[in-house]
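Residue-level structure breakdown
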Amino acid sequence: MSRRVPALDDEALAAEIASLSKLDIDELRDQWKAIYGKAPSREIGRSFLTRAITYRLQERAYGGLKPSTHRLLAGVAAGTATGSSSSPQTRMANSGTILVREWRGTAHRVTMLDDGVSFNGKRYRSLSEVAREITGSRWSGPRFFGLRSPITENNNAAR
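Description of the structure in this document.

About the cut-offs
Residues numbered from 1 in each chain as written. Predicted model: local features only at pLDDT ≥ 70, side-chain atom pairs only at ≥ 80, totals over all residues. Heavy atoms only, no water. Helix = DSSP H or I, 4+ residues; strand = E, 2+ residues; numbered from the N terminus. Expected span 1.5 Å × (residues − 1). Buried < 20%, exposed > 50% of the residue type's maximum accessible area, 1.4 Å probe, protein only. Arc of directions from axis to C-beta. Salt bridge = Lys/Arg side-chain N within 4 Å of Asp/Glu carboxyl O. Axes fitted to C-alpha atoms, helices over the stretch in contact; angles between N-to-C directions. Parallel < 35°, antiparallel > 145°, perpendicular 65-115°, else oblique. Left-handed = near helix turned anticlockwise from the far one by under 90°. Contact = heavy atoms within 4.5 Å. Nonpolar A, V, L, I, M, F, W, Y, C, P; charged D, E, K, R; others polar.

As a further point, take helix α2 (residues 25–36). An ideal rise of 1.5 Å per residue puts 16 Å on 12 residues; α2 measures up with 16 Å between its terminal C-alpha atoms. Those residues of α2 that fall on the buried side of the exposure criterion are Leu 28, Arg 29, Trp 32 and Ile 35. Looking straight down α2, one finds that the buried residues subtend no more than 130 degrees of arc, so they occupy a single side. Facing away from the buried side of α2, by more than 90 degrees, are the exposed residues Asp 30 and Ala 34.

With a phi angle near 50 degrees, Arg 104 is a residue other than glycine that sits in the positive phi range. In this fold, Arg 104 is placed in the loop between β1 (98–103) and β2 (106–113). Look at Arg 104 and you get exposed, because its relative accessible area is 73%. In this structure, Asn 120 takes a positive phi of about 50 degrees despite not being glycine.

Inspection of the entire model under this criterion finds 3 salt bridges. With a shortest N-O distance of 2.8 Å, Glu 59 and Arg 56 are connected by a salt bridge. Taken together, the residues span about one helical turn, with Glu 59 and Arg 56 both in helix α3 (residues 46–62) at a distance of 3 residues. Salt-bridge contacts for Glu 129 lead to Arg 125; the nearest nitrogen and oxygen are separated by 3.0 Å.

Another point: the packing of helix α1 (residues 10–19) against α3. Direction vectors running N to C along α1 and α3 enclose 165 degrees, while the axes themselves pass 10 Å from each other. When the interaxial angle is binned, α1 and α3 end up roughly antiparallel. α1 and α3 meet at a crossing whose hand is right-handed. Contacts between α1 and α3 pair Asp 10, Leu 13, Glu 16 and Ile 17 from the former with Thr 54, Leu 57, Gln 58, Ala 61 and Tyr 62 from the latter. Classifying every residue of the contact of α1 with α3 by side-chain character gives 5 nonpolar, 2 polar and 2 charged.

Set out below in structure tokens:
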């Protein structure tokens, strides 16, 4: 993939970005409108306006995301907007991660290990065993500790 020729040289780009800090909020909103084609929300603050304008200036000078990345992001956004996710969102907890879950007024801390989990000085094979120890009933450990979202009607329909 070839890089675009910079629209501005590096010094001119740096000067333009530095000048953003001298603009008041209304001038930043005008700059946003000129760059993005529509006025920003009134709720967007100065810091975000400055960062977004800076990003777009750099994108124009040095090129943006690859087309394949654009397609990937568009697909993710489309799936999120329609709720068509085929499986629940799952997060991974690496070894050394400490998970905290409050249950009935008590905070329970679990440390993830390479070969299981540690809870109250004892090793367990899975988060589900720890969740059972804490609650006295069968739970999905990843769901109990917030690593997986609960099953919703949309997720059930996709299965």
